[in-house]
Amino acid sequence: MDIFKVKGQQKLLGDVTLHGAKNSALPILCASILVKGESVIHNCPDLSDVKTTLDILQTLGCKIKRDGDTVTIDATDVTDSKIDENVMRMMRSSILFLGSLISRVGCASIYLPGGCDIGTRPVDLHIKALKSLGATITENGSSITCCAGNLTGAKIILPFASVGATENIMIAAAISKGKTVIINPAREPEISDLAQFLNECGAKIYGAGESTIEIEGVEKLHPCEHRIIPDRILASTYMSACAITGGDIVINDVIPTHLAPVFPVFNEMGCRLYLSKGALRIVAPKRLRRVKMIKTMPYPAFPTDSQSMVVSALTVARGTSVVKENIFENRFRFVSELNRFGADVEVNDKLAVINGVKTLHGAKVNATDLRGGAALVVAALAAQGDSEISKISHIDRGYADLDINLNKLGADIKRIKNEEVTKEKTEN
């Protein structure tokens, strides 16, 4: 398994451009099954999760072409409705194939999905919603079989604003009969991006990003070209990296409204933010200030996906910060690794108390999950001496060429390949 080697305390300077949003790309790729023809998706990031999704599409009968950040999916012939268990366990968003397959071919046979172990993410909301649309679903331990002759619109009230459940309903209902109304849907920008893609294909989806989404089912969808929105979580990762190193960087291709929930936190940390024509400049102080309280909540509140990296930045802030995690119960799993850098973070249930220290020191750590892994990279950038981060396959799920892009900003981070790690251990 590859590792990152990081020489810390290199101030980040310069500019970087965001790639497409992972959390938009995956549902849009799943939804492309609904289109009998070619869907051309631009700004599609080169991530391991994207590769897994494209592999699934190919096994289902789709033809895939990639040219740079443009992916073409020809779903004219979908020849299968079963997804291998090993592939399903590789990522959480594979559950979205449930809605797309039953809508396209009338049946789906999948296994419970995997992904990062950051907490319980039950699929019961997905199953209940699809049943409301007329699907018949049977569960057998770890497998799910879902069939439907014709999906029919329904009123669906979500007890929790689940992103995945909202996406599955939107995908399944797009070519159903009648009208579907989702009460209390997720409002994340990625929801709106999925709706935009489907609407460009001929769907009739209204209210994405608001408290109620209405979907008027259409008979079929047609091919289109779509550009995925920039990754707001990647932006907050660069912002955290800049903040912890006392840097001054420009992040290109940002959508300011998508980042609005994190701006107040960075302002409170003492960072100066400047917006200009799709670019964000962040100038960090010599030493960050503490943040009184951060509470993660569904959009438009502070995102849980940005929490880990901000916690890392706050480890060197002056004073004590408090973060309350309200989404995933295991989101603080990375903290035990973070403290190996000399950080002083105490976790009690949903609360993390970060007592700022003056300096972090190099450490050997393991990435525990996608965002936790990115948080460890952020910490290593500010640490005195050298650090090693193992199990970076977690990081590759959501970040394309993170090491290369950080190096362009002045970081000193190297990806050591499997064979190099093995050789080094043998020599030592």
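Worth saying up front: this structure is predicted, and the values here are computed from it rather than measured.

**Student:** How should I be thinking about the overall build of the chain in this particular structure?
**Tutor:** Counting its secondary structure elements, the chain contains 16 helices and 23 strands. Dimensions of the chain, computed from C-alpha atoms along their principal axes, come out at roughly 65 × 50 × 40 Å. The buried share among the 428 residues of the chain stands at 57%. Of the roughly 17300 Å² that the chain leaves accessible, carbon and sulfur atoms contribute 47%.

**Student:** Where do I start with unusual backbone geometry in this structure?
**Tutor:** It is generally the case that most residues other than glycine have a negative phi and that most peptide bonds are trans. In the segment running from Y299 into P300, the intervening peptide bond is cis, with an omega of 15°. Within the secondary structure layout, P300 lies in the loop between β17 (294-295) and α11 (304-314). Despite not being glycine, Q9 shows a phi value in the positive range, around 65°. With respect to the helices, strands and loops of the structure, Q9 is situated in the loop between β1 (3-7) and β2 (13-17). Overall, the relative accessible area of 46% leaves Q9 in the partly exposed class. At D253, a position not held by glycine, the phi torsion is positive, near 65°.

**Student:** Got a minute to help me understand the confidence of the model for the chain in this structure?
**Tutor:** As a general rule, the predicted coordinates of low-pLDDT regions are not to be interpreted in detail. Across the chain, the average pLDDT comes to 93, with 94% of residues at 70 or higher. Under a pLDDT of 50 for its full length, residues 115-121 has, in the predicted model, 24 contacts with residues more than four places off or in other chains.

**Student:** Just to check I follow, could you spell out the side chain of T245 for this structure?
**Tutor:** Within the element layout of this structure, T245 appears in helix α8 (residues 232-245). Within polar-contact distance, the side chain of T245 engages the backbone oxygen of C242 at 3.2 Å. Setting aside anything within four residues of it in sequence, one finds T245 in contact with Q10, K11, L12, L381 and A382.

**Student:** Looking at this model, I keep getting lost on the state of the cysteines. Mind explaining?
**Tutor:** Simply put, the disulfide is a covalent bond whose two ends are the sulfur atoms of two cysteines. According to the stated counting rule, one finds one disulfide in the structure shown. The disulfide partner of C107 is C147, and the gap between their sulfur atoms is 2.4 Å. A residue pair is termed long-range when its members are at least 10 positions apart, and C107 in strand β6 (residues 107-111) and C147 in strand β8 (residues 143-147) qualify at 40 residues. Assessed through its relative accessible area of 23%, C107 is described here as partly exposed. Left without a disulfide partner, C44 is nearest to the cysteine sulfur of C30, which lies 11 Å away. Of all cysteine sulfurs in the structure, the one in C271 sits closest to C242, which takes part in no disulfide; the separation is 6.6 Å.

**Student:** What exactly am I supposed to notice about the packing of helix α1 (residues 22-31) against helix α2 (residues 48-59) here?
**Tutor:** Helices that pack against each other are described as a pair by the angle of their axes relative to one another and the distance between those axes. Between α1 and α2, the least distance of the axes is 10 Å, while the angle of their chain directions is 0°. Considered as vectors, α1 and α2 are oriented roughly parallel to each other. Residues K22, A25, L26, L29 and C30 of α1 pack against D49, V50, T53, L54 and L57 of α2. Among the residues making up the contact of α1 with α2, the classes are represented as seven nonpolar, one polar and two charged.

**Student:** Looking at this structure, I do not really get the nonpolar core. What am I missing?
**Tutor:** Where a protein is soluble and globular, its nonpolar side chains tend to be buried together. Within the largest apolar cluster, 74 residues are counted, with the highest numbers of intra-cluster contacts made by F97, M170, L198 and L221. Beyond its immediate stretch of four places on either side in the chain, M170 contacts I182, I191, L194, A195, L198, I205, I213 and I215. Counting residues in hydrophobic clusters, the runner-up holds 72 residues, among them I233, I294, A380 and I389.

**Student:** Could you clarify how one ought to interpret the pattern of salt bridges in this entry?
**Tutor:** It is possible for side chains of opposite charge to pair when their charged atoms get near one another. Applying the stated criterion across every chain, the model contains 13 salt bridges. Across the salt bridge formed by R232 and E190, the nearest N and O atoms sit 2.8 Å from each other. Linking R232 in helix α8 with E190 in helix α7 (residues 189-200), this pair joins segments that are 42 residues apart in sequence. Pair check on accessibility: R232 and E190 agree, each one buried. Notably, a salt bridge pairs R281 with D248, separated by 2.7 Å at the nearest N-O pair. Taken as a pair, R281 in strand β16 (residues 279-283) and D248 in strand β14 (residues 248-252) lie far apart in primary sequence, 33 residues in all. Residue D248 is classed as partly exposed on the basis of its relative accessible area of 23%. Overlapping salt bridges, with partners in common, bring together D2, D396, R415 and K417 in one network.

**Student:** What's the story with α11 in this structure? I'm lost.
**Tutor:** Each turn of an α-helix holds 3.6 residues, which means side chains three or four residues apart point in the same direction. Of all 11 residues in α11, 11 are buried, a share of seventy percent or more. For α11, the full list of buried residues reads T304, D305, S306, Q307, S308, M309, V310, V311, S312, A313 and L314.

**Student:** Can you help me understand the environment of T59 in this one?
**Tutor:** For T59, the location among the structural elements is in helix α2. Note: C-alpha distance between T59 and K82 (23 residues apart in sequence) is 8.7 Å. Looking at T59, its side chain comes within polar contact range of the main-chain oxygen of I56, at 2.6 Å.

**Student:** Could you clarify how one ought to interpret the sheet that holds strand β15 (residues 272-276) in this entry?
**Tutor:** Backbone-to-backbone hydrogen bonds join strands into a sheet, with any given pair of strands oriented parallel or antiparallel. Spatially, the four strands line up as an open sheet ordered β2-β14-β16-β15, and their pairing is mixed. Of all the strands in the sheet, the pair left with one neighbour each is β2 and β15. The average undirected angle you get between the axes of adjacent strands in this sheet is 15°. The sheet contact formed by β14 and β16 spans five bridges and is antiparallel. Across the sheet, the residue bridging to N252 is A279, located in β16. Relative to β14, α8 is tilted by about 175°, and along the sheet it contacts β2, β14, β15 and β16.

What counts and what doesn't
Residues numbered from 1 in each chain as written. Predicted model: local features only at pLDDT ≥ 70, side-chain atom pairs only at ≥ 80, totals over all residues. Heavy atoms only, no water. Helix = DSSP H or I, 4+ residues; strand = E, 2+ residues; numbered from the N terminus. Buried < 20%, exposed > 50% of the residue type's maximum accessible area, 1.4 Å probe, protein only. Areas by Shrake-Rupley, 256 points an atom, 1.4 Å probe, with all protein chains shown as cover. pLDDT = per-residue confidence, 0-100. Contact = heavy atoms within 4.5 Å. Polar contact = N/O pair within 3.5 Å; in protein donor to acceptor, adjacent residues only side chain to side chain. Disulfide = S-S within 2.5 Å. Axes fitted to C-alpha atoms, helices over the stretch in contact; angles between N-to-C directions. Parallel < 35°, antiparallel > 145°, perpendicular 65-115°, else oblique. Nonpolar A, V, L, I, M, F, W, Y, C, P; charged D, E, K, R; others polar. Core = buried A, V, L, I, M, F, W, Y, C linked by side-chain atoms within 4.5 Å. Salt bridge = Lys/Arg side-chain N within 4 Å of Asp/Glu carboxyl O. Pairing = 2+ DSSP bridges.

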